[in-house]
Amino acid sequence: MSKPKNSIQKSKSKPGKPARARGKDRLPLSDSLMEDPDLLRQIIDCIPNGLLLFDPQHRLIAYNENYRELSGLNKKDLEGNPTFKEILQKVVVKNKLIDTGKSSRRWIKECLASFRNPTAPLEVSYHDGRTIKIQDRCTDSGYTVRTYEDITELKNRERGLL
């Protein structure tokens, strides 16, 4: 049985295990998606969570507007295919350091380690009161998809603040 040549991969991860997209779970892509890069851009921007896509060298190759809104970064901050580390450094500066109780240098180091070997989602609290859940998924070919979900309302409910 031959594999489809154009596909998106589904991820099935288990707690404590790196999340990876597996080749056997591929879904076929339509030719229209492959022929229209603007359509793929529209789809990425429709995703309700923030999204970053990195190549195997950890350089940014795609993002959506929801990520920019959640991170506080502007288009210029994301130009030129910055590395994941460069983006983290910009986020720390723009957000006057994320409320982690750690130095910015230590926080960046821990984020880099988590990014290189994703397991469980991270929850990060910002000084403005927001809580963002961050999840990484890796493809077998070395690309990484990172999603950002604002879970502030959920956390406030858990604490009895709503």
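Parameters and conventions
Residues numbered from 1 in each chain as written. Predicted model: local features only at pLDDT ≥ 70, side-chain atom pairs only at ≥ 80, totals over all residues. Heavy atoms only, no water. Helix = DSSP H or I, 4+ residues; strand = E, 2+ residues; numbered from the N terminus. Contact = heavy atoms within 4.5 Å. Areas by Shrake-Rupley, 256 points an atom, 1.4 Å probe, with all protein chains shown as cover. Buried < 20%, exposed > 50% of the residue type's maximum accessible area, 1.4 Å probe, protein only. Arc of directions from axis to C-beta. Salt bridge = Lys/Arg side-chain N within 4 Å of Asp/Glu carboxyl O. Polar contact = N/O pair within 3.5 Å; in protein donor to acceptor, adjacent residues only side chain to side chain. Patch = residues over 30% accessible without salt bridge, like charges linked within 9 Å, V, L, I, M, F, W, Y side chains within 5 Å. Lys, Arg positive; Asp, Glu negative; His and termini not counted. Charge placed at Lys NZ, Arg CZ, Asp CG, Glu CD.

### So, the overall build of the chain
In step 1: In terms of regular secondary structure, the chain is built from 6 helices and 7 strands.
In step 2: For the chain, the share of sequence-separated contacts (at least 6 apart) that also reach a separation of at least 24 residues comes to 38%.
In step 3: With the model as given, the accessible surface of the chain reaches about 10,200 Å², and the carbon-plus-sulfur share is 51%.

### Remarks on helix 4 (residues 84–94)
In step 1: Among the residues of helix 4, those classed as buried are F84, I87, L88, V91 and V92. In a view along the axis of helix 4, the buried residues occupy a sector of 140°, so they form one face of it.

### Considerations on the environment of Y67
In step 1: Among the secondary structure elements, Y67 is positioned in helix 3 (residues 65–71).
In step 2: Residues Y67 and D45, spaced 22 residues apart in sequence, show a C-alpha to C-alpha distance of 9.4 Å.
In step 3: Aside from chain neighbours lying at most four places away, what touches Y67 is G50, L51, L52, L73, L78, I87, V91 and Y148.

### What about the environment of R116?
In step 1: Position of R116 among the secondary structure elements: in helix 5 (residues 104–116).
In step 2: On a C-alpha basis, the gap between R116 and H58 in space is 9.0 Å, while along the polypeptide they are 58 residues apart.

### What about the pattern of salt bridges?
Side chains bearing opposite charge may pair, as long as their charged atoms lie close to each other.
In step 1: The final tally for this structure, using the stated rule, is 9 salt bridges.
In step 2: Where E153 meets R157, a salt bridge forms, and the shortest distance between an N and an O atom there is 3.4 Å. Highlighted residues: E153 and R157, both in helix 6 (residues 152–158), separated by 4 residues, approximately one helical turn.
In step 3: Judged by relative accessible area, which is 52%, E153 ranks as exposed.
In step 4: One connected set of salt bridges, linked through shared partners, spans E123, K155 and E158.

### Let's talk about the side chain of N64
In step 1: As for its placement among the helices and strands, N64 is situated in the loop between strand 4 (60–63) and helix 3.
In step 2: Reaching out from N64, the side chain makes a polar contact with the backbone oxygen of I47 at a distance of 3.5 Å.
In step 3: Look past the residues within four positions of N64 in its chain and what remains in contact with it is R41, I44, D45, I47, N49, G50 and L51.

### What about a negative patch on the surface?
In step 1: A cluster of acidic residues, D31, E35, D36 and D38, forms a negative patch at the surface.
In step 2: Within the fold, E35 resides in helix 1 (residues 31–35).
In step 3: For E35, a relative accessible area of 65% translates into the label exposed.

### Focus on the environment of K90
In step 1: Inspection of the secondary structure puts K90 in helix 4.
In step 2: On the basis of relative accessible area, K90 is assigned to the partly exposed category, the value being 28%.
In step 3: Here the alpha-carbon distance between K90 and L73, two residues 17 residues apart in the chain, equals 7.5 Å.
In step 4: Among residues more than four places away in sequence, those in contact with K90 are L73, D77 and P82.
In step 5: A distance of 2.6 Å separates a polar atom in the side chain of K90 from the backbone oxygen of D77.

Remember, this is a structural readout, not a statement about activity or role.
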